Amino acid sequence: MKRVALPGGEEVPALGMGTWMIGEDAARRSEEISTLQQGIDLGMTLIDTAEMYGDGASEKLVGQAIRGRRDRVFLVSKVYPHNAGRKAAQLACERSLKRLGVDCLDLYLLHWRGDVPFTETIEAFVALQAQGKIRHWGVSNFDLDDLQAWCDLPGGDAVATNQVLYNLTRRGIEWDLLPWCQQQQMPVMAYCPLAQAGRLRDGLLNNSVVTDIARAHNATAAQILLAWVISHEGVMAIPKAGTVAHAQENAAALNITLSAEDLARLDNAFPAPG
Ligand code: NAP
């Protein structure tokens, strides 16, 4: 199974699970819990959530899904920019831990850049790490300028990842951010890897190049989108599935290797930024 190394060498699976919009509908709760549990069993053991998602509802559902399975999971949550100050980050993290029912997060991310100075957030993350409340920390939605500015600050270069938008139809990070991260050996965590099931580009799941390649691999279009994202060095992806069937389908994408010809055809149909 494809894995990605964090700075320091710890490895995580190249495919994890997103949880935005999960935990918000009581009628879907039991299916969503089964979906996450099935995903863990199939090796997608990295779970991404955030205090923002459903105002904590996602964290609560994830907490329920991982009960009894905590040791197998690499748990990621994110702090709101307005909670990223020294004291506020401490309190926000403690609230997330409580909702999740765990003592420690494996990775805590600044959800996006806000008004709190980076130095203050880095200090807050380092303090949480020293207290054993988070194991790694990182950022999200940072462009290259912000990421370099962050890394230049004292302690900032310990950033474990940058979680950013990346899929076949949104290849902007290939311009400068991804090559720089690859050079630094800093993994990138791709969100919306399925382009929100094609909602970010009409007809994506029916695109003839994608479906042709899918047919040749005895796979689905969604699996090809995921295999494409994680074919890039140092990139992991966190597709969100709301059904057991989708989790099973997504997990199987870990075993698909796209050929140089597949990649060239996809490049041609969905060019990288020039
Ligand atoms: P996504 O993962 O690209 O797409 C999710 C959609 O794809 C859902 O509608 C899901 O439907 C569908 N889907 C899942 N598996 C499928 C399959 N095998 N075949 C067809 N459709 C499938 O989009 P996302 O949820 O926006 O992004 C993923 C995760 O990234 C989020 O859940 C969140 O954890 C994170 N995220 C982070 C940020 C940030 O600012 N840091 C922003 C956006 C997202 P079902 O629910 O019916 O399975």
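Residues numbered from 1 in each chain as written. Predicted model: local features only at pLDDT ≥ 70, side-chain atom pairs only at ≥ 80, totals over all residues. Heavy atoms only, no water.

Caption draft 1: View of the overall build of the protein. Within the protein, the secondary structure is distributed over 10 helices and 10 strands. The C-alpha radius of gyration of the protein comes to 18 Å, within 12% of the 19 Å expected for a compact globule of 274 residues. Taken along the three principal axes of its C-alpha coordinates, the protein extends 55 × 45 × 30 Å. Taken across its 274 residues, the protein has 54% of its residues classed as buried. Looking at the protein alone, contacts between residues at least 24 apart form 76% of all its contacts between residues at least 6 apart. (Helix = DSSP H or I, 4+ residues; strand = E, 2+ residues; numbered from the N terminus. Rg over C-alpha atoms; globule rule 2.2 N^0.38 Å. Buried < 20%, exposed > 50% of the residue type's maximum accessible area, 1.4 Å probe, protein only. Contact = heavy atoms within 4.5 Å.)

Caption draft 2: A look at the site of the ligand. Within the structure, the ligand sits among 28 residues, and Asp48, Gln163, Lys240, Gly242 and His246 are positioned closest to it. Between Gln163 and the ligand, the recorded distance is 2.8 Å, taken from a side-chain N or O atom to a nitrogen atom. Take Asn250: an N or O atom from its side chain is 2.8 Å from a nitrogen atom of the ligand. Burial of the ligand by the protein chains amounts to 88% of its free accessible area of 900 Å². Counting residues per element, the shell around the ligand draws most heavily on helix α9 (residues 244–252), at 3 residues. Taken together, the residues that form the shell around the ligand break down as 12 nonpolar, 11 polar and 5 charged. (Near = heavy atom within 4 Å. Polar contact = N/O pair within 3.5 Å; in protein donor to acceptor, adjacent residues only side chain to side chain. Areas by Shrake-Rupley, 256 points an atom, 1.4 Å probe, with all protein chains shown as cover. Nonpolar A, V, L, I, M, F, W, Y, C, P; charged D, E, K, R; others polar.)

Caption draft 3: Focus on the sheet that holds strand β4 (residues 46–48). A sheet is described by the order of its strands in space; here 8 strands give the open sequence β3-β4-β5-β6-β7-β8-β9-β10, paired in parallel fashion. Each edge of the open sheet carries a strand with a single partner, namely β3 (17–18) and β10 (235–237). Strand direction decides the pairing type here: β3 and β4, joined by 2 bridges, are parallel. Residue pairing for β4: Gly18 is matched across the bridge by Asp48. (Pairing = 2+ DSSP bridges.)

Caption draft 4: Summary view of the pairing of strand β6 (residues 105–110). Here β6 lies mainly inside the structure; 6 of its 6 residues are buried. When strand β5 (residues 74–79) meets β6, the two strands line up parallel, connected through 4 bridges. Residue Val76 lies in a different strand from β6, and its bridge partner there is Leu107. Between β5 and its parallel partner β6, the chain crosses via helix α3 (residues 86–100), and the hand of that crossover is right-handed. Crossover connection from β6 via helix α4 (residues 118–130) to parallel strand β7 (residues 134–140): handedness right-handed. (Right-handed = clockwise from strand over helix to strand, strands pointing away.)

Caption draft 5: The arrangement of the nonpolar core in detail. Core analysis: the largest hydrophobic core is formed by 89 residues, its most contacted members being Leu75, Tyr108, Leu147, Trp150, Ile224 and Leu266. With 9 residues, the single largest contributor to this core is helix α8 (residues 221–230). (Core = buried A, V, L, I, M, F, W, Y, C linked by side-chain atoms within 4.5 Å.)

Caption draft 6: Representation of the pattern of salt bridges within the structure. Inspection of every chain in the model, using the stated rule, returns 15 salt bridges. Asp106 serves as the salt-bridge partner of Arg135, at 2.7 Å between the closest nitrogen and oxygen. With Arg135 in strand β7 and Asp106 in strand β6, this residue pair connects regions lying 29 residues apart in the sequence. We classify Arg135 as partly exposed; its relative accessible area is 34%. (Salt bridge = Lys/Arg side-chain N within 4 Å of Asp/Glu carboxyl O.)

Caption draft 7: α3, seen in detail. End to end, α3 covers 22 Å across 15 residues, agreeing with the expected 21 Å (1.5 Å per residue, within 8%). Among the residues of α3, Ala89, Gln90, Ala92, Cys93, Ser96, Leu97 and Leu100 are the ones counted as buried. Where α3 is buried, its residues meet α2 (57–66), β5, β6, α4 and β7. Immediately downstream of α3, the backbone of Gly101 shows phi near 70°, a positive value. (Expected span 1.5 Å × (residues − 1).)

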